[in-house]
Amino acid sequence: MLFKQQALLRQKLFVLGSLAIGSLLYLVARVGSLDRLQPLCPIDGRFGPRGQDEIPLRALQFKRGLLHEFRKGNATKEQIRLHNLVQQLPKAIIIGVRKGGTRALLEMLNLHPAVVKASQEIHFFDNDENYAKGIEWYRKKMPFSYPHQITIEKSPAYFITEEVPERIYKMNSSIKLLIIVREPTTRAISDYTQVLEGKERKNKTYYKFEKLAIDPNTCEVNTKYKAVRTSIYTKHLERWLKYFPIEQFHIVDGDRLITEPLPELQLVEKFLNLPPRISQYNLYFNATRGFYCLRFNIVFNKCLAGSKGRIHPEVDTSVITKLRKFFHPFNQKFYQITGRTFSWP
Ligand code: A3P
């Protein structure tokens, strides 16, 4: 008898325990999503025509769940049709600059419920072989999204590749173009560090940065070195301006995106005519990484991969001074054209 009562009691405790755990899990998930779903300020009609300015709450669930599966190619045709999902050409492209913080910018923008990122760099416009496959090939590389969402892709090689502005213009002459820049010398060193790491991985030796950046014959800055050339932002931008007016570009301060990402992201939301949805809650500083990481909700957080935020090698100060002096006039021109001034030396 006593044994039977004990078994009954155990059973009741088990049911109660399961209920408590279930409720707790529900609350955790709910609080997380609610936090993201509450509009922080009213949508003031900048998002699109009436009726299209609300992001269905489903969108978020899709971004974390089904949509993710669909992106991996696990969706059936029926599911895609049922959920009205489409693969859309990008409405905005992060065209560069390499090592400017392009991945961080894309991932952070993807926190916005109306933005769906193309995870991989597609290299459609800068790679002749890909470009020859045609625009449908490009569209099919895009993630699934709802029609009112916008797709964003990033391929930093676009900024410096000659043919790209004309090719993008032919696809969509009113597309929005995002350029994230960092202090040019730091960017060049970051660029070098990435290549150096690649060489080291293959057990190869590589020149010192100083040797590549300075021409040993003239002792002047070596403008043939790609890492230097890429940092002459104004030269590249001028090529783009033959096709697009300056209003179609938004310049992101990559140095500020590292230390204070939210205001930079808010400027991008504005530029893309999106309601402000990314908040401080979505970004938390991770002291171990030394960078801001992303918080989707109470459960899902993520930091960028370890290949972002490498330790740079020490560079001779006289070389840094020489490079900064070299970039100075180009920087002034860049400020003048873009209307955005940076405190670069
Ligand atoms: P370093 O590796 O030189 O520090 P890209 O994505 O265009 O290759 O840019 C890489 C740079 O993004 C990194 O350069 C890093 O400084 C910067 N970055 C900006 N925000 C970051 C973040 N939240 N986490 C990691 N790296 C970030």
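You'll find the structure just up there.
The structure reproduced in this document is the subject of the present report. (Residues numbered from 1 in each chain as written. Predicted model: local features only at pLDDT ≥ 70, side-chain atom pairs only at ≥ 80, totals over all residues. Heavy atoms only, no water.)

**Topic: the sheet that holds strand S8 (residues 283-286)**
Working step 1: Spatially, three strands are ordered S8-S9-S10 in an open sheet, and the strand pairing comes out antiparallel. Every interior strand has two partners, whereas the edge strands, S8 and strand S10 (301-302), have only one.
Working step 2: Taken together, the four bridges between S8 and strand S9 (residues 291-295) define a ladder with antiparallel strand orientation. Across the sheet, the residue bridging to Leu-283 is Leu-294, located in S9. (Pairing = 2+ DSSP bridges. Helix = DSSP H or I, 4+ residues; strand = E, 2+ residues; numbered from the N terminus.)

**Regarding the packing of aromatic side chains**
Working step 1: A complete count under the given rule lists 25 aromatic pairs for this structure.
Working step 2: Ring geometry for Phe-334 and Trp-344: centres 6.3 Å apart, planes at 15 degrees, overall stacked. Placement of the pair is Phe-334 in helix H16 (residues 317-338) and Trp-344 in the segment after H16, with a sequence separation of ten residues.
Working step 3: Classification of Phe-334 as buried rests on a relative accessible area of 0%.
Working step 4: For Trp-344, a relative accessible area of 9% gives the class buried.
Working step 5: Considering the side-chain rings of Tyr-335 and Trp-344, the 5.7 Å spacing of their centres and the 50 degrees angle between planes classify their relative orientation as tilted. A single burial state applies to Tyr-335 and to Trp-344, both of which are buried.
Working step 6: The rings of Phe-124, Phe-125, Tyr-131, Trp-137, Tyr-138 and Tyr-158 are connected pair by pair, giving a single aromatic cluster.
Working step 7: The ring of Tyr-131 has Arg-167 lying over it, and the distance from NZ or CZ to the ring centre is 4.1 Å. (Phe/Tyr/Trp six-rings, centres within 6.5 Å; stacked < 30°, edge-to-face > 60°. Buried < 20%, exposed > 50% of the residue type's maximum accessible area, 1.4 Å probe, protein only. Lys NZ or Arg CZ within 6 Å of the ring centre and 35° of its normal.)

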